[in-house]
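Architecture and fold: a report
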Amino acid sequence: MTTNIKKLPILSMEDEELFPKDKVFDVPQAIASFDIKLFVELNNISTPLWWSRLIISSRGYLANYIEMDEEKLFLTDDAFILLHKVFVEKNHTFTSLEFIKALLHLFRIPRMSDGFCYTLQDDFEDEILNDDKVDEESSLEKYNVIKDRITISPCEVLFGKNGVLSIKMAEIQKEGYLMFMKILSILILRFKEDMEQGKKKGIRFDIDNEWQPDDRVVLFQQFYSGNRTWILTDFDRHIMLYWKPKGANVIFGDAYIDKKKRSGFMLCEYCGMLEQSVNQFPQFRNMKFCTEQCLNKLLDEKNITI
């Protein structure tokens, strides 16, 4: 008897089931449900890099459709930063398991078909009681996010306590969470098939240095006219700061960065930002830096005084 080794599902930027090449963003209306135990199995073998690239890809794809709406892009980026803190950095009030339970409770079929809005705590508690009477789920599958002996509603997990700002955030950020959950749900179902049927060929974006996003999901695409730096959003900065000085490698892939280096492009020694043109970044004592702030931080790190 042979046992299949569990492997993380493959993600390709050319996979049109995950990233369809639509002219207009087709907002998922609901997410196909999956067993929480499958998420736990996948999460147990996942790496921060796997989750980071999944979030980068999901966010980058959606950003191309909403980049002209600054408020929506700003608040959607907040959602993806939160996802990164939960699944990659493990730096949040709620665990990744609790977050997944909240996301599934809000967005899986058929809940979204009735319309989405911020659910009040009293309404949510009534809903949970009704669910418990009907469903015979294991404790793992049930929604049971509890803090200080109080069950926290899924909306509060994602958007914070009920209020005008939280209600607005829920309405704007739902597409970001739906995009993330759509891709994750497909990957989890593939993960299940992979375990049952055997491995598939393809690039694994958690380990292969050939991984790179295509031109639809690359971060910081625009330039200031005549300026020496990229235009970065809060999400871009967050990713670069977390992975510094390897942020560009995480985003673009090792093969892409190596190719750029062979062509004479350099990275900022502090944050890892990639040059837009050869010899774009200034240099001080053999240290390349993209901004004065990065130079100052380099000097502080190396205890260099001028």
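Residues numbered from 1 in each chain as written. Predicted model: local features only at pLDDT ≥ 70, side-chain atom pairs only at ≥ 80, totals over all residues. Heavy atoms only, no water.

**Overview of the overall build of the protein**
Rules: Secondary structure elements are defined from DSSP: runs of H or I of at least 4 residues count as helices, runs of E of at least 2 residues count as strands, and each element is numbered from the N terminus. Partly exposed describes any residue whose relative accessible area lies between the buried limit of under 20% and the exposed limit of over 50%, with all areas from a 1.4 Å probe on protein chains only and scaled to the type maximum. The criterion used for residue contact is that any of the two residues' heavy atoms lie within 4.5 Å.
Helix and strand counts for the protein come out as 11 helices and 4 strands. When burial is assessed residue by residue, the protein has 49% of its 306 residues classed as buried. Taking the contacts inside the protein whose residues are at least 6 apart along the sequence as the reference set, 70% of them involve residues at least 24 apart.

**Brief notes about the packing of helix α1 (residues 36-45) against helix α4 (residues 96-107)**
Counted only if it meets this: For helices, the fitted axis covers only the stretch in contact; all axes are lines through C-alpha atoms, and the angles between them, taken along N-to-C directions, range from 0 to 180 degrees. Crossing handedness is defined as follows: a turn of the near helix away from the far one that is anticlockwise and smaller than a right angle gives a left-handed crossing, while the clockwise case is right-handed. Under the scheme applied here, ten amino acids are nonpolar (Ala, Val, Leu, Ile, Met, Phe, Trp, Tyr, Cys and Pro), four are charged (Asp, Glu, Lys and Arg), and all others, including Gly, are polar.
Contact geometry of α1 with α4 gives a least axis separation of 11 Å together with a crossing angle of 145°. The crossing of α1 and α4 is right-handed. Together, Ile 36, Phe 39, Val 40 and Asn 43 of α1 and Ser 96, Leu 97, Ile 100, Lys 101 and Leu 104 of α4 make up the contact between the two elements. Split by residue class, the contact of α1 with α4 holds 6 nonpolar, 2 polar and 1 charged.

**Remarks on the packing of helix α2 (residues 48-66) against helix α8 (residues 234-243)**
Basically, it comes down to this: Orientation is classified from the angle alone, with under 35 degrees giving roughly parallel, over 145 giving roughly antiparallel, 65 to 115 giving roughly perpendicular, and any other angle giving oblique.
Where α2 contacts α8, the two axes come as close as 12 Å, and the packing angle between them is 165°. By the angle between their directions, the pair α2 and α8 is classed as roughly antiparallel. Considering how the two elements wind past one another, α2 and α8 form a crossing that is left-handed. Across the interface between the two elements, Pro 48, Leu 49, Ser 52, Ile 55, Ile 56 and Arg 59 from α2 touch Phe 235, Asp 236, Ile 239 and Trp 243 from α8.

**Brief notes about the packing of aromatic side chains**
Quick reminder of the rule: The criterion for an aromatic pair is that two Phe, Tyr or Trp rings (for Trp, the six-membered ring) have centres within 6.5 Å, with stacked assigned to planes under 30 degrees apart, edge-to-face to planes over 60 apart and tilted to the rest. Think of it as a cone above the ring: NZ of Lys or CZ of Arg counts as a charge over the ring if it is within 6 Å of the ring centre and within 35 degrees of the ring normal.
Under the definition given, this model contains 15 aromatic pairs. Ring geometry for Phe 39 versus Phe 87: centroids 6.4 Å apart, planes at 90°, classification edge-to-face. In this pair, Phe 39 is assigned in helix α1 and Phe 87 in helix α3 (residues 70-87), connecting sequence segments 48 residues apart. No difference in accessibility class separates Phe 39 from Phe 87, as the two residues are buried. Put simply, the rings of Phe 39, Trp 50, Trp 51, Phe 87, Phe 99, Phe 159, Tyr 177 and Phe 180 touch in pairs and so form one group of aromatic residues. The cationic tip of Lys 260 hangs over the ring face of Phe 265; the distance from NZ or CZ to the ring centre is 4.4 Å.

**Notes on the environment of Leu 54**
Turning to its location among the elements, Leu 54 is positioned in helix α2. Separated by 130 residues in the primary sequence, Leu 54 and Leu 184 place their C-alpha atoms 8.2 Å from one another.

**Focus on helix α11 (residues 292-301)**
Rules: To obtain the arc, one takes the directions from the helix axis to the C-beta atoms.
Where α11 is concerned, the buried positions are Cys 294, Leu 295, Leu 298 and Leu 299. The arc that holds every buried residue of α11, seen down its axis, measures 140°, which confines them to one face. Structural note: α11 exposes Gln 293, Asp 300 and Glu 301 on the side pointing more than 90 degrees away from its buried face. Check the buried side of α11 and you find it contacts β3 (283-284) and β4 (287-288).

**A word on unusual backbone geometry**
Here Lys 244 and Pro 245 are connected by a cis peptide whose omega angle stands at 0°. Position of Pro 245 relative to the elements: it lies in the loop between α8 and α9 (247-252). With phi around 55°, Lys 90 is a residue other than glycine that occupies positive phi space. You can see Lys 90 is positioned in the loop between α3 and α4. Of note in this structure, Asn 279 is not a glycine but carries a positive phi near 65°.

**Thoughts on the pattern of salt bridges**
Operational definition: Criterion for a salt bridge: a side-chain nitrogen of Lys or Arg within 4 Å of a carboxyl oxygen of Asp or Glu.
Tallying each qualifying case throughout the model produces 12 salt bridges. Between Asp 236 and Arg 59 there is a salt bridge, with the nearest N and O atoms lying 3.8 Å from each other. Taken together, the residues span a long stretch of sequence, with Asp 236 in helix α8 and Arg 59 in helix α2 at a distance of 177 residues. Arg 59 matches Asp 236 in its accessibility class, with the two residues each being buried.

**Structural notes on the side chain of Ser 166**
Note the threshold: Counting of polar contacts relies on pairs of N or O atoms within 3.5 Å, with two restrictions inside protein: one atom must be capable of donating a hydrogen and the other of accepting it, and residues adjacent in sequence are counted only when both atoms are side-chain atoms.
Within the element layout of this structure, Ser 166 appears in helix α7 (residues 164-197). Polar contacts involving the side chain of Ser 166 include one to the main-chain carbonyl oxygen of Lys 161, which spans 2.6 Å.

**A look at the confidence of the model for the protein**
Put simply, the rule is: Predictor confidence is given residue by residue as pLDDT, running from a minimum of 0 to a maximum of 100.
Taken over all residues, the pLDDT of the protein has a mean of 79, while the share at 70 or more is 75%. Here helix α5 (residues 121-134) stands out as the least confident element of the protein, with mean pLDDT 48; α3 is the most confident, with 94. Per-residue pLDDT stays below 50 along residues 132-137; that stretch engages in 3 contacts with residues further than four places along the chain or on separate chains. Confidence drops under a pLDDT of 50 for residues 221-229, and excluding neighbours within four residues, the segment shows 18 contacts in the predicted structure.

**Notes on the environment of Leu 158**
Relative to the elements of secondary structure, Leu 158 occurs in helix α6 (residues 154-159). Aside from chain neighbours lying at most four places away, what touches Leu 158 is Leu 82, Phe 99, Ala 102, Leu 103, Leu 106, Phe 107 and Tyr 177.

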